[in-house]
Amino acid sequence: MDKSKMERTIQILWPSFLVAGVMDILMFAMFDPMEIMYQGAALFDSRLAAYSSVFFIFWLFGASSSILTCYFQCSISQSKRFCKIPKSHSST
């Protein structure tokens, strides 16, 4: 993986990781994971499973949002697969 792709990956995953952490804290400050029910049964067997599962779901949504932001920032001339860092900003 070259440097520009690594930078782009970090720019997508790091902010989404931070947002997922904050959302996880807020979610479980309001709800006890052992009281979350689905069809009359507890959704999670343990609190750790609840914290981990919900964190990764929030991280996935945050990363999806960041990827879409990069996608829509791309100009017509750039690849639509991933937003590339302009050459004027790269340090080579």
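This one's a predicted model, so the numbers in the text were calculated from it and none came from an experiment.

**Some remarks on helix H2 (residues 47-73)**
Compared with the 39 Å implied by 1.5 Å per residue over 27 residues, the 39 Å span of H2 between its first and last C-alpha is a close match. Where H2 is concerned, the buried positions are Ala50, Val54, Phe55, Gly62, Ala63, Ser66 and Cys70.

**Remarks on the nonpolar core**
Membership of the largest hydrophobic core is limited to five residues, which are Phe28, Ile36, Phe44, Ala50 and Val54. In this view, Ile36 contacts Met27, Phe28, Ala41, Ala42 and Leu43; residues no more than four positions away in its chain are not counted.

**Side note on the environment of Ile25**
Along the chain, Ile25 turns up in helix H1 (residues 3-30). Expressed as a C-alpha distance, the spacing of Ile25 and Phe55, which sit 30 residues apart in the sequence, is 9.1 Å.

**With respect to the pattern of salt bridges**
Under the defined criterion, the tally for this structure stands at one salt bridge. The partner of Asp32 in a salt bridge is Arg47, and the shortest N-O contact between them spans 3.0 Å. Residue Asp32 is located in the loop between H1 and strand E1 (37-38), and its partner Arg47 is located in helix H2; the two are separated by 15 residues in the primary sequence.

**So, the packing of aromatic side chains**
Overall, the coordinates contain seven aromatic pairs when judged by the stated rule. Between Phe28 and Tyr51, the aromatic rings sit 4.9 Å apart at their centres with planes inclined by 75 degrees, giving edge-to-face as the arrangement. Linking Phe28 in helix H1 with Tyr51 in helix H2, this pair joins segments that are 23 residues apart in sequence. Tyr51 gets classed as partly exposed once you look at its relative accessible area, which sits at 33%. Here Phe55 and Phe56 contribute two aromatic rings whose centre-to-centre distance is 5.4 Å and whose plane-to-plane angle is 75 degrees, an arrangement assigned as edge-to-face. One aromatic cluster is present, formed by Trp14, Phe17, Phe55, Phe56 and Trp59 through successive ring pairs.

**So, the side chain of Ser66**
Within the secondary structure, Ser66 is located in helix H2. Take Ser66: its relative accessible area is 17%, and that puts it in the buried class. The residues touching Ser66, leaving out its near neighbours within four places in the chain, are Ile12 and Ser16.

**Some details on the environment of Val22**
Tracing the chain through its elements places Val22 in helix H1. Note on Val22: relative accessible area 47%, which makes it partly exposed. In this structure, the C-alpha to C-alpha distance between Val22 and Phe58, residues 36 residues apart in sequence, is 9.5 Å.

Criteria and cut-off values
Residues numbered from 1 in each chain as written. Predicted model: local features only at pLDDT ≥ 70, side-chain atom pairs only at ≥ 80, totals over all residues. Heavy atoms only, no water. Helix = DSSP H or I, 4+ residues; strand = E, 2+ residues; numbered from the N terminus. Expected span 1.5 Å × (residues − 1). Buried < 20%, exposed > 50% of the residue type's maximum accessible area, 1.4 Å probe, protein only. Core = buried A, V, L, I, M, F, W, Y, C linked by side-chain atoms within 4.5 Å. Contact = heavy atoms within 4.5 Å. Salt bridge = Lys/Arg side-chain N within 4 Å of Asp/Glu carboxyl O. Phe/Tyr/Trp six-rings, centres within 6.5 Å; stacked < 30°, edge-to-face > 60°.

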